[in-house]
Amino acid sequence: MKYCGKVVVTLKPGVFDPQGMTIKNALHTLSYQEVEEVETGKYFRIILKAVTKEEAERRVQEMCERLLANPVIERYTFEVEEFR
Amino acid sequence: MKYCGKVVVTLKPGVFDPQGMTIKNALHTLSYQEVEEVETGKYFRIILKAVTKEEAERRVQEMCERLLANPVIERYTFEVEEFR
Amino acid sequence: MRFGVVVFPGSNCDYDCFYALRDVLGQDVVFLWHKNTDLQGCDCIILPGGFSYGDYLRTGAIARFSPIMEAVRDFVLQGGLVLGICNGFQILLESGLLPGALLPNRNGRFICRYVYLRVENANTPFTCLCTPGEILRIPIAHYQGNFFLPQDELGILTERGQVVFRYCGPQGEVSEAYNPNGSVGNVAGIASSDFRVMGMMPHPERACEEILGSVDGRKIFLSIVAWLEEKRYAGCGS
Amino acid sequence: MQVVDPERVARELGLRKGEYERILSVLGRAPTLTEVAMFSVEWSEHCGYLHSKQWLEFLPREGRFEVLVGEDAGGIVYDGLAIVFKMESHNHPSQIEPKQGAATGIGGIIRDILGSGARPIACLDSLHFGPLDDPRSCYVAKGVVEGIAWYGNCVGVPTVAGEVWFYPAFRGNCLVNVMCIGIAPRGRLARAVAKGVGNAIMYVGNKTGRDGIGGCSILASQEFGENEEKRPSVQIGDPFAEKCLIEATLEALATGYIVGIKDMGAAGLTCSSSEMAAAGESGIDINLDHVPVREEGMEAWEIMMSESQERMLLCVLKEHEEEVRNIFKKWGLEAEVIGRVTDTGRVTIRYRGEVVADIPAKELVRPPVYVPPRERPTYLDRINDLSLDNVPLPEDLESAFRQLLSSPNLASKRWIFEQYDHMVQTNTVILPGKGTVVLRVKGKHWGIAVTTDCNPFYCFLDPYRGAQIAVAEAARNLASCGAQPAGVTDCLNFGNPEKPDRYWQFTEAVLGLSDACRFFGIPVVSGNVSFYNESPFGAVYPTPTIGMVGIVEEIDKVVGGHFVKEGSIIVLFGETKEEIGGSEYLRVVHGIEAGPPPSLDLSFEKRLQEFLISCVRDRLFLSACDVSEGGIAITLAEAALSGDKIFGVDVDFASCGDLREDVLLFGESCGRVLVSLEEEKLQVLMDRAKHWGIPCVVLGKVQGEHIVLRKGKKTLVRLPVSQAFEIWEGAIARYV
Ligand SMILES: Nc1ncnc2c1ncn2[C@@H]1O[C@H](COP(=O)(O)OP(=O)(O)O)[C@@H](O)[C@H]1O
Ligand SMILES: [Mg+2]
């Protein structure tokens, strides 16, 4: 079976996000004054083989812990679905 | 009212994603052999004011078109929900 | 006494370090390929600057899994000296050999320029030839040099003297005006609690020759030499 | 197989009717789809130089030093070392996707240098954008700089110098010209040949995808429309792979098993295979089934046309394929034998068991030549009739001075070069922003000075003289720091050559470039032509960008452009004439865009260059920089503001002749250089200048906290240096 894991890695609260700031300013310049906050993050879409969805989830979580996110500054969320 | 738009920008299919490839290789080295593909993208979380959800959606879509994604190489998806 | 400069794919200051050590300072130095685990009897390992694995994902995130990093970890446990410069610093943080993380620069851009550093602790193997408070002029060149550590942890680090360099003005003023990248407390370099591992964003190897505009970087390499010599002379670690 | 009409495909890929007929006669049959694709890229303007080749033959190829003209890059030899350099454009991709477009431009030019067997040691960039207050232009400018920074910094080749211009003419079509310099021992240079029957053709680097298909035939060889269809031709750069490719390639070359090498840039595998075969008087037989591909189901023509980046084609001595392969594998790159050298003289391409192309290599690399009509544009007479009487003398010259200081064309470029790692490889002796950039060569006592120059507005006013001024300025820049001009590379950016007025601009500029280089004895060792730089806003200014490399004989004697010592004497060489046409002053302060551009005296320039070199050799100067755009006033400001320490100046123009004050301050007469020196060397210098016939006046001193510019008793400008610095340093950053 194939699964697709979608991972979002964002900065922890309190960690300065210069990119988000720059984009917010740019949006203001483009006259999107209503924007109050922009937070940036990384997105990964991982196609993997696994026997069950649970296994796929376990593996994706491990990948997040070990490689995709740096726990000092980042946190992650993910979801896994069947892929066809 | 406040809304939260979550935007994911990824490369168009067929556009080379060197990051994804390098991460895939790294995952293989870390013995996640089951990984078949890694695609990278950018994630933005935008908090904005709007009168209705529809308006918020329209504005977020505009921001994607005008700033967050370059249609030459990228595409985007987003969802908007109420924020409190 | 021998230096080893680790070569990761994407390192690009490896040769600059090698050149500074061998051709300018006359030291014995070898390259260490990241896939090997034999440290070839080196007394000090240098993780050089550059873009290991293109900085794809995060700076240093992939390089820290290179086989040589296992050996470096053991080497540290045995009291060996490790200096991480720029990308090397980032790798040390990702490996957990030093605390904290490096975020993108506050202005969101790459910055290449000379900065001034104040030596906060002159009692480390990497600064023992400096005087406390001495000011060094050394270039930076990075996109992610914005050092981050939660405030309480920074307090402890400072207390223990692990903050080795801070960005400062030409007279040693440590202030926001002289903070190029937004680092907490203007931190430019830190050491481990046993002072055997140091990471710094500025590039001492770029400041070893008069013709390049500064020789202040020599102090760092020569401190290592002096410290190792003394240790050898004493016959044991200090 | 699907039935397609090759003639229709040929048309769609941009081949002209006569060209299709020539293909028929070359092959003696109808071409296959793959063959049409191969001809279309090889005979595109970008690869085939259809409209420019015959003009480029005028360019001088000889100079003071031994000249190397290779397949992809050229260079000079000094002290047994080959210094190879080349410039190339990446205009259209950068306009569409600024970051990736510019990044892949850097990647491409680095591979060109690498293909000659040299280690890339520095890059330069010459950039032309629309005004920064135009949002799209600002976006393009930011993206381009970011792309160059990202790619260049990551591969570890310092971007050490360049230039940047902002004019409305570049709004719809920016120019991104990038130059790379490499060095190698003379005997170690590689060639782009395939020879020795049975030797392997090896593909190395990244995998092939569908990116950039038709990039050079379509993107770089046609005008810019609003045509969305052309857009997917942009590629994504992979600087990490490029860095590994550099190291692996140099390691492979050192084994001695590499017979030939060529980068797969524009026109990809088609161009590299056919040109290597033709250069080696050989044939090549390639099986595309062995090409590492990134996507499934790629057609033969797609593989042949793909412009995927970070790839090279090698010709490897047979029976040594494994050794070479292992080097690339060690660096994590693809390396596959995809074919063999034959003696048929043909490029034979097989795919899935069929021969999909079979073309005589020599025919493929002999594109048609066109010399369309050319005609002097009518705007020239209208725009070159400036009379000083129609230019009112501003009452407040200080405010004009401030205005110029904050013009992005004249302001500090720190915002740009600080984003570039200009120090990696630890060779940069004079840093950007501090005069002409100088690189040392490790283990030698000499060094290399580099610059790019071209004022596109001058070229618009007079392409012939504009090109000559570009050459003269570049040479003057080099000579100011003590370097002997040694070689030129160029990048000729023009509009649609099929329009007679654009073509005239092109031919005039080439002749100007060629005459000036020949006069100075500086060979043009390499270059690039970029046509079709037009958008719905019109054609760009004609822009023949000059990249010049010079030799500094004694590296420890070079001087920078900035003042270094309080109390030193400021001297101006050269004559200030009543010239204001084409100046930034006229444009910015009066809103007048008119010429003629300043006059140029080539023989004086040549004498001045030699004089400067001799003075630097004898350590007469503390600093030296040439006077160009913005005139003496701006040059003084630059010299005062660009050092590690900021200085004031006190200068009197009384002895510069009886000229209008604005002309004195802001006129852009050629052939002038501003130096500072110790007072005790003044007499020696004056005597020497007299002996050489170089006009020389003492302007004043480096001193105080103000920029003070006077004419006799009258103070024209008196601005605190701190204020001047703020204006000048912040001008570009204000927009971005
Ligand atoms: N696009 C650029 N990239 C890198 N360096 C640049 C760029 N534009 C300008 N510079 C640097 O900024 C300094 C000033 O630029 P400019 O005024 O054009 O130089 P010059 O007076 O030599 O013609 C030079 O050192 C130049 O190399
Ligand atoms: Mg210039």
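This section reports on the structure supplied with the text. Quick caveat: nothing in here was measured; it's all calculated off a predicted structure.

Let us now look at the overall build of chain A. A count of helical and extended segments in chain A gives 2 helices and 3 strands. Its C-alpha atoms give chain A principal-axis dimensions of roughly 50 × 30 × 15 Å. The 84 residues of chain A split such that 48% are buried. For chain A, the exposed area adds up to about 4200 Å²; of that, 51% sits on carbon and sulfur atoms. The centroid of the 13 positive side-chain charges in chain A is displaced by 7 Å from the centroid of its 14 negative side-chain charges.

This paragraph deals with the sheet that holds strand β7 (residues 200-205) of chain D. All names here are of chain D. Judged by pairing direction, the sheet is mixed, and its 7 strands sit side by side in the order β8-β10-β7-β11-β9-β12-β13 without closing on themselves. The strands lining the two open edges of the sheet, one partner per strand, are β8 (258-263) and β13 (354-360). For this sheet, the mean inter-axis angle between neighbouring strands, taken without regard to orientation, is 20 degrees. Relative to β13, strand β12 (residues 346-351) runs antiparallel, the two sharing 6 bridges. For Ile349, the partnering residue across the bridge sits in β13 and is Ala357. The strands touched by helix α3 (residues 33-42) are β12 and β13; relative to β13, the strand with the most contacts, the crossing angle is about 40 degrees. Docked against the sheet, helix α10 (residues 239-254) engages β7, β8 and β10 (311-316), running at close to 155 degrees with respect to β8.

Right, let's talk about the side chain of Glu242(D) for a bit. With respect to the element layout, Glu242(D) can be found in helix α10. Since its relative accessible area comes to 1%, Glu242(D) is described here as buried.

Mapping chain B onto chain A is achieved by rotating through 180 degrees and translating by 0.0 Å along the same axis, at an RMSD of 0.1 Å. Here the symmetry operator amounts to a two-fold rotation axis. Relative to the rotation axis, the closest C-alpha in chain B is found at Lys42(B), a distance of 2.4 Å. In this assembly the copies share their binding face: 100% of the residues contributing to the interface of chain B also contribute to that of chain A.

What follows concerns the sheet that holds strand β1 (residues 2-7) of chain C. Residue and element names in this part refer to chain C. In spatial order, the strands read β2-β1-β3-β4-β11-β10-β9-β6-β7; together these 9 strands make up an open sheet with mixed pairing. Two strands in the sheet have a free side with no partner beyond their single neighbour: β2 (28-33) and β7 (135-142). When strand polarity is set aside, the average angle formed by the axes of neighbouring strands in this sheet is 25 degrees. The pairing of strand β10 (residues 187-191) with strand β11 (residues 197-200) spans 3 bridges and is antiparallel. What sits directly across from Gly189, in β11, is Met200.

Cut-offs applied
Residues numbered from 1 in each chain as written. Chains lettered and ligands numbered in written order. Predicted model: local features only at pLDDT ≥ 70, side-chain atom pairs only at ≥ 80, totals over all residues. Heavy atoms only, no water. Helix = DSSP H or I, 4+ residues; strand = E, 2+ residues; numbered from the N terminus. Buried < 20%, exposed > 50% of the residue type's maximum accessible area, 1.4 Å probe, protein only. Areas by Shrake-Rupley, 256 points an atom, 1.4 Å probe, with all protein chains shown as cover. Lys, Arg positive; Asp, Glu negative; His and termini not counted. Charge placed at Lys NZ, Arg CZ, Asp CG, Glu CD. Pairing = 2+ DSSP bridges. Axes fitted to C-alpha atoms, helices over the stretch in contact; angles between N-to-C directions. Contact = heavy atoms within 4.5 Å. Least-squares fit on C-alpha atoms with pLDDT ≥ 70 in both.

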